[in-house]
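# Summary of the model geometry
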Amino acid sequence: IGAEFPEKSWDPDLRAQLVLAEFGARGWRPDGAITLPDPDNTPAALAAEIDEMMAKAYLYRGARMGEIVRQAEELTLYWTDMMGVSAATHPWSWQLVCISMAVGHMVGMFFKDKFHRARPVQVYPTIMPAVVTPPHPSYPNNHAFQSHLISRCLMAATSPDGLKDPEQSPWRAALITLADRVGENREIAGLHFPSDSRASRLLLPQ
């Protein structure tokens, strides 16, 4: 009688759903705190982006195929590998990772539905994506957004000033570099336009 479920025994992904529900009740939609500009879908702009993607694919796709495939399967393992953060070693930091994934997924899907941007392979089929294109619109790059959100949360967690100044984290450079690389890998793979990745950074607090 009176026993309670231990806080530390929560599954981090399920606990993240509670935070997601709280976040969803706040004013984050376009009439609130988060907005995005319309993507430039003119033929000239898309052609320029396709040229950039083809150049990146030629230069980097072979060397980065392992990363591309692994990040498509399980994105969060790259933070585990770099920082040693896992549910077993740093449960509260890992909870931040799970929350970032959940919130980032919802916000990203909302904006994808708002803009309905075609995927690169629909614009230029011979780009031949390195992995199967996910069945949702291109803008913004949600792997990039979730990656930057994870990195920003971990910067705050490791900064002496916490949320007041995440930029002071000693992990800042490594975390931002990792998030940028994840986003770029989706371009190299032929899954996202470069402007999709740039938009993902605009979703973060400035």
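Above this note sits the structure.
Residues numbered from 1 in each chain as written. Predicted model: local features only at pLDDT ≥ 70, side-chain atom pairs only at ≥ 80, totals over all residues. Heavy atoms only, no water.

## Quick notes on the overall build of the protein
- A tally of regular secondary structure across the protein gives eight helices and zero strands.
- Starting at the N terminus and ending at the C terminus, the protein contains elements arranged as α-α-α-α-α-α-α-α.
- Taking 17 Å as the expected radius of gyration for a compact globule of 206 residues, we find that the protein reaches 18 Å, a close match to that expectation.
- By principal-axis analysis of the C-alpha atoms, the protein measures approximately 65 × 40 × 35 Å.
- Carbon and sulfur atoms form 59% of the exposed surface of the protein, whose accessible area is close to 11000 Å².
- Between the mean site of the 19 positive side-chain charges and the mean site of the 23 negative ones, the protein shows a separation of 1 Å. (Helix = DSSP H or I, 4+ residues; strand = E, 2+ residues; numbered from the N terminus. Rg over C-alpha atoms; globule rule 2.2 N^0.38 Å. Areas by Shrake-Rupley, 256 points an atom, 1.4 Å probe, with all protein chains shown as cover. Lys, Arg positive; Asp, Glu negative; His and termini not counted. Charge placed at Lys NZ, Arg CZ, Asp CG, Glu CD.)

## A few points about the layout of surface pockets
- Its boundaries defined by the atoms lining it, the largest pocket holds a volume of some 510 Å³.
- Along its surface, the largest pocket is lined by 21 residues, and Phe-23, Val-103, Leu-149, Cys-153 and Pro-205 are the ones closest to its centre.
- If you list the elements that add at least two residues to the lining of the largest pocket, you get α1 (12–24), α4 (91–115) and α6 (142–158).
- When its residues are assigned to classes, the lining of the largest pocket shows 17 nonpolar, one polar and three charged. (1 Å grid on protein atoms, 1.4 Å probe; cavity = no way out; pocket = protein on both sides within 12 Å on 5 of 7 lines; lining within 4 Å. Points joined across faces, edges and corners; volume = space filled by probe spheres on them. Nonpolar A, V, L, I, M, F, W, Y, C, P; charged D, E, K, R; others polar.)

## So, the environment of Met-109
- Considering the arrangement of structural elements, one finds Met-109 in helix α4.
- For Met-109 and Tyr-78, which are 31 residues apart along the polypeptide, the C-alpha to C-alpha distance reads 22 Å.
- For Met-109, the residues in contact, after removing those within four places along its chain, are His-136 and Asn-142. (Contact = heavy atoms within 4.5 Å.)

## Remarks on the packing of aromatic side chains
- Within the structure shown, the criterion is met by four aromatic pairs.
- Between Phe-5 and Trp-10, the ring centres sit 6.5 Å apart and the planes meet at 85°, which makes this aromatic pair edge-to-face.
- Here the aromatic rings of Phe-110 and Phe-111 are separated by 5.2 Å at their centres, their planes lie at 90°, and the arrangement is edge-to-face.
- Counting every residue linked through ring pairs, the aromatic cluster contains Phe-110, Phe-111, Phe-115 and Tyr-139.
- Of note, Arg-15 hangs over the ring of Trp-10, and the distance from its end group to the ring centre comes to 5.2 Å. (Phe/Tyr/Trp six-rings, centres within 6.5 Å; stacked < 30°, edge-to-face > 60°. Lys NZ or Arg CZ within 6 Å of the ring centre and 35° of its normal.)

Note that all results are geometric; they support no functional claim without further evidence.
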